[in-house]
Amino acid sequence: GWKLYDASEHDLEARAGALGDLAGVALRAGFLDAALRGYEHVVTTVTVPRTRMVLLAGALRTSGRIRDAERVRRYDGELLEDIARANQPHLAAMVLLSAVEAWSLVGDRVTARQRLDECRAISAQFGYNEYLFRADELLDAWDTAAPMDASPVEAPETTLSASRFDPAVESGIERLETLSV
């Protein structure tokens, strides 16, 4: 990851992809501050809506996991703008599920439901069954939950196991954390 980032000084798209991937790994490993810093930095360097959508989805998910409603609101607005500009329905359905997760984590079920309905509509229109099934699973889970329970959902477990005591991990995480926006 960092080797590709360092080697791609003159290829901004490759550099943005590498940094987005590194932020994604940090998110999956539970290094939320580092992930957010990486996503926030790379989002400012990318202007292509289809690329930004994926990076904004990562920033949204991370913001939701740290329960930062203001960031969720900001990134959601930017995501919706890029969805409208990109004309990429498959990608839109995918990133809308990230918005659902983020809004759920900050306890805003109304907006989460709006994004879920948007995802379902796109998925049904274009036959994206995977996203339709995932959206329907969320709906079923919400329908079986207590109707007045407005508490945020639990953040998903991290999928990678890493320790900052590992010098290579520490070095990589520190580089993400020191990125400026």
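Because the structure is predicted, anything quoted here is derived from the model rather than measured. (Residues numbered from 1 in each chain as written. Predicted model: local features only at pLDDT ≥ 70, side-chain atom pairs only at ≥ 80, totals over all residues. Heavy atoms only, no water.)

1. Observations concerning helix α5 (residues 69-86)
Under the 1.5 Å per step criterion, the end-to-end length of α5 is 25 Å for 18 residues, consistent within 8% with the ideal 26 Å. All of the buried residues in α5 are V72, Y75, D76, L79, D82, I83 and A86. All buried residues of α5 project into a common sector of 130 degrees when viewed along the axis, lining one side. Turned more than 90 degrees from where α5 packs its buried face, E81, A84 and R85 sit exposed. Capping the start of α5 is the job of one residue whose side-chain oxygen sits 3.3 Å from the backbone nitrogen of E70: D68. (Helix = DSSP H or I, 4+ residues; strand = E, 2+ residues; numbered from the N terminus. Expected span 1.5 Å × (residues − 1). Buried < 20%, exposed > 50% of the residue type's maximum accessible area, 1.4 Å probe, protein only. Arc of directions from axis to C-beta. Polar contact = N/O pair within 3.5 Å; in protein donor to acceptor, adjacent residues only side chain to side chain.)

2. Looking at the packing of helix α4 (residues 49-65) against α5
As a packed pair, α4 and α5 sit with axes 9 Å apart at the nearest point and diverge in direction by 160 degrees. By the angle between their axes, α4 is roughly antiparallel relative to α5. Two packed elements cross with a definite hand, and for α4 against α5 that hand is left-handed. Packed against α4, whose contacting residues are P49, R50, R52, M53, L56, A59, L60, S63 and G64, the element α5 presents R71, V72, Y75, D76, E78, L79, D82, I83, R85 and A86 at the interface. Along the lines of polarity and charge, the residues of the contact of α4 with α5 split into 10 nonpolar, 2 polar and 7 charged. (Axes fitted to C-alpha atoms, helices over the stretch in contact; angles between N-to-C directions. Parallel < 35°, antiparallel > 145°, perpendicular 65-115°, else oblique. Left-handed = near helix turned anticlockwise from the far one by under 90°. Contact = heavy atoms within 4.5 Å. Nonpolar A, V, L, I, M, F, W, Y, C, P; charged D, E, K, R; others polar.)

3. A word on the confidence of the model for the protein chain
Within the protein chain, residue pLDDT values average 81, and 73% of them lie at 70 or more. Overall, residues 148-166 carries pLDDT values under 50, and its contacts beyond four positions in sequence, including any with other chains, amount to 38 contacts. (pLDDT = per-residue confidence, 0-100.)

4. Some details on helix α7 (residues 109-126)
With 18 residues, α7 should cover 26 Å at 1.5 Å per step; its first-to-last C-alpha distance of 25 Å lies within 8% of that length. Taken as a whole, α7 has its buried residues at T111, A112, R115, L116, C119, I122 and S123. Looking straight down α7, one finds that the buried residues subtend no more than 140 degrees of arc, so they occupy a single side. Of the exposed residues in α7, the ones pointing more than 90 degrees away from its buried face are V110, A124 and Q125. Elements that come into contact with the buried residues of α7 comprise α5, α6 (89-105) and α8 (129-144). With its phi angle positive at about 75 degrees, G127 sits one or two positions after the end of α7.

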